[in-house]
Amino acid sequence: MTEPTSPVRPLVGRGAELDDLDDLLSSVSAGGGATVLIEGEAGVGRTRLVEALQGSAALLGVGVCAGRGAGPGAAPYALLADVLLAPAAHREARGPVVAELGALLDVLPADRADAPARYARADELFAALLRHRGEQGPWVLVLEDLHLADACSLRLLAALAGEGPLPHALTVMTLRGVPHRVELDAVVAAWTRAGARYLELVPLAPAATVELAQHLLHGAVGPALRGVLATTGGNPRLVVDVLRTAQACGVLERSRGAVETVGSAWLDELDDVGRAHVAYLGADVLDLLGTASVLGASFVVGDLAALADEPVADCWRTLRHALAAGVVHARGDRLVFRHDLVRTALYAGLSAERRRALHARAAWALRAAGAPSHVVAAHLERAR
Ligand SMILES: Nc1ncnc2c1ncn2[C@@H]1O[C@H](COP(=O)(O)OP(=O)(O)O)[C@@H](O)[C@H]1O
Ligand SMILES: [Mg+2]
């Protein structure tokens, strides 16, 4: 299997998206400016797509400055400093602005209110660097994982949107819907108003999911393995992790050109993959999703509310995060788990006692809601 870190990596099922980005890149090479927001669930392939774009930029000789949100606790302007002050980013233009910013960042107090003038000066200098970088020629500005970016960078990015696209720049921002942050909403709204292209990266279609596995395994995929791949819901990271886990557990077997899984020795590890995939969600969200897992791959929110003994409105409030994260999607008043791998893992993570109690309660709630007797009986069976 090709390791995800190997230099030769496939880009499967994203031809249309890459074409779009390449077109924007050409328009920037010809002198324009363009901005694109790429949003999608964790592991859907935002970084992989941006890497492919960076490959196109390298072919065209267009420079790239890239940085990513560093998560909670990041220093003020950490994202912009990552992009603009890293030694490699500004080799050509290490001038007084970079020097002043470097010195300023060292003395910025954590609390903005302490030193408004210093923050204003930092805003001004970063804005100048962003505005003028294009004077050296077209460039690509990659701002990855905006949902994890520091608030100062986000505030400045939102303010800059009022001037329209950065001159001679293709600005690419990637983000996830969770964690939800108001500073991030402001950036997205401001750039949307400024005409930014919005590209929602959806999971891979089933055929592309199998194709990705075939690339990684260098062989055809047998029916049992296809079945497991279907539970990834087309999330490339889950595909990569499932195959890596299968390989580590020694359950992959190759015969007559096809790769197949044998035995059940890896099922616990597979559950770990599913749980790790959603571990970044809040405990209350995971707890409610665990309860929902008892109801099956899709469930009516009213039934979940009865099962969780919570008002329906409270359930929705919690489920909003799961929806934004792409763990479930809505079909009317029904929610559907996007990756059955995750649902199975959440179910497996319930203690035996809790699982039995939830099935007993589900039998009661579903009977009250008019579910057919065989559904009720199936829950009673598991309540024993
Ligand atoms: N279209 C794709 N084709 C092949 N591999 C992909 C594709 N999209 C993602 N991957 C692989 O899946 C994993 C997760 O993708 P990544 O780009 O890191 O996701 P994200 O940035 O959205 O969280 C990586 O190992 C990546 O190389
Ligand atoms: Mg990423």
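None of these values were measured; they are calculated from a predicted model. (Residues numbered from 1 in each chain as written. Chains lettered and ligands numbered in written order. Predicted model: local features only at pLDDT ≥ 70, side-chain atom pairs only at ≥ 80, totals over all residues. Heavy atoms only, no water.)

A. Region of interest: the sheet that holds strand 11 (residues 334-337). What the three strands build is an open sheet, ordered 9-11-10; its pairing is antiparallel. Lying at the two open borders of the sheet, with one neighbouring strand each, are strand 9 (298-300) and strand 10 (328-331). Shown here is a sheet whose adjacent strand axes are inclined to one another by a mean of 25°, direction ignored. Here strand 9 runs beside strand 11; their pairing, made up of three bridges, is antiparallel. Counted as the bridge partner of Ser 298 is Val 336 from strand 11. In this fold helix 13 (residues 301-308) packs onto strand 9 and strand 11, with an angle of close to 80° to the strand it touches most, strand 9. (Pairing = 2+ DSSP bridges. Helix = DSSP H or I, 4+ residues; strand = E, 2+ residues; numbered from the N terminus. Axes fitted to C-alpha atoms, helices over the stretch in contact; angles between N-to-C directions. Contact = heavy atoms within 4.5 Å.)

B. Highlighting the nonpolar core. Core analysis: the biggest nonpolar cluster contains 41 residues, and Phe 126, Leu 143 and Leu 146 have the highest contact counts within it. Within the residue set of this core, elements represented by two or more residues are helix 3 (78-84), helix 4 (96-106), helix 5 (116-132), strand 3 (139-144), helix 6 (151-160), strand 4 (169-175) and helix 7 (182-193). Broken down by element, the residue count for this core peaks at seven residues, all from helix 5. For Phe 126, the residues in contact, after removing those within four places along its chain, are Tyr 77, Leu 80, Ala 81, Leu 84, Leu 85, Leu 101, Leu 105 and Leu 156. Core analysis: the second largest hydrophobic core is formed by 38 residues, Val 294, Phe 299, Leu 319 and Val 328 among them. (Core = buried A, V, L, I, M, F, W, Y, C linked by side-chain atoms within 4.5 Å. Buried < 20%, exposed > 50% of the residue type's maximum accessible area, 1.4 Å probe, protein only.)

C. View of the domain arrangement of the protein. Structurally, the protein comprises domain 1 (15-200), domain 2 (206-265) and domain 3 (278-382). Taking only C-alpha atoms, the centre of domain 2 and the centre of domain 3 are 28 Å apart. Taken together, the connections running from domain 2 to domain 3 amount to two residue pairs in polar contact (both at pLDDT 80 or more). Of the residues belonging to the side of domain 2 that touches domain 3, the class tally is two nonpolar, four polar and no charged. (Domains from an automatic or database assignment. Polar contact = N/O pair within 3.5 Å; in protein donor to acceptor, adjacent residues only side chain to side chain. Nonpolar A, V, L, I, M, F, W, Y, C, P; charged D, E, K, R; others polar.)

D. Focus on the site of ligand 1. Among the 16 residues in the neighbourhood of ligand 1, the closest are listed as Val 12, Gly 43, Arg 46, Thr 47 and Arg 48. A distance of 2.9 Å separates an oxygen atom of ligand 1 from a polar atom in the backbone of Gly 45. One of the side-chain nitrogen or oxygen atoms of Arg 237 is found 3.1 Å away from an oxygen atom of ligand 1. Protein burial of ligand 1: of its 550 Å² of free accessible surface, 91% is covered by the chains. Counting residues per element, the ones that place at least two in the shell around ligand 1 are helix 2 (46-60) and helix 10 (236-248). Of the residues in the shell around ligand 1, the class split is eight nonpolar, three polar and five charged. Residues from two domains meet in the shell around ligand 1; each of domain 1 (15-200) and domain 2 (206-265) gives at least three. (Near = heavy atom within 4 Å. Areas by Shrake-Rupley, 256 points an atom, 1.4 Å probe, with all protein chains shown as cover.)

E. How the structure looks around the sheet that holds strand 7 (residues 252-255). Reading across from one edge, 6-8-7 is the order of the three strands in this open sheet, with mixed pairing throughout. Whereas interior strands pair on both sides, the edge strands pair on one side only; in this sheet they are strand 6 (220-221) and strand 7. Looking at chain direction, strand 7 and strand 8 (residues 258-261) are connected through four bridges and run antiparallel. Paired with Leu 252 across the bridge in strand 8 is Thr 261.

F. Representation of the packing of aromatic side chains. The full count for this structure, using the stated rule, is three aromatic pairs. Measuring from centroid to centroid gives 5.8 Å for Phe 299 and Phe 337, while their planes differ by 55°, and the two rings are tilted. Of this pair, Phe 299 sits in strand 9 while Phe 337 is found in strand 11, placing the two residues 38 residues apart along the sequence. By the burial criterion, Phe 299 is buried, and Phe 337 matches it. Linked through ring pairs, Tyr 77, Tyr 119 and Phe 126 together constitute an aromatic cluster. Across from the ring centre of Tyr 280, 4.1 Å away, lies the NZ or CZ of Arg 176, which sits over that ring. Across the ring face of Tyr 347, the terminal group of Arg 355 is positioned such that the distance to the ring centre comes to 5.0 Å. (Phe/Tyr/Trp six-rings, centres within 6.5 Å; stacked < 30°, edge-to-face > 60°. Lys NZ or Arg CZ within 6 Å of the ring centre and 35° of its normal.)

G. Highlighting the pattern of salt bridges. If you walk through the whole model with that rule in mind, you get 17 salt bridges. Of the charged contacts in the structure, one is a salt bridge between Glu 183 and Arg 181, with a shortest N-O distance of 3.7 Å. On the accessibility criterion, Arg 181 (19% relative accessible area) is buried. With a shortest N-O distance of 3.7 Å, Arg 361 and Asp 309 are connected by a salt bridge. Here Arg 361, found in helix 16 (residues 352-368), pairs with Asp 309, found in the loop between helix 13 and helix 14 (312-324); they are 52 residues apart in sequence, far enough to count as distant. Take Arg 361: its relative accessible area is 28%, and that puts it in the partly exposed class. The structure contains a network of salt bridges with shared partners spanning Arg 46, Arg 68, Glu 144 and Asp 145. (Salt bridge = Lys/Arg side-chain N within 4 Å of Asp/Glu carboxyl O.)

H. Fine view of the packing of helix 5 against helix 6. Running from amino to carboxyl end, helix 5 crosses helix 6 at an angle of 55°, the nearest separation of the two axes being 11 Å. Between helix 5 and helix 6, the crossing angle belongs to the class labelled oblique. In this structure, helix 5 crosses over helix 6, and the sense of that crossing is right-handed. The residues of helix 6 that touch helix 5, namely those facing Tyr 119, Asp 123, Phe 126, Ala 127, Leu 130 and Arg 131, are Cys 152, Leu 156 and Leu 160. Tallied by class, residues from the contact of helix 5 with helix 6 come to seven nonpolar, no polar and two charged. (Parallel < 35°, antiparallel > 145°, perpendicular 65-115°, else oblique. Left-handed = near helix turned anticlockwise from the far one by under 90°.)

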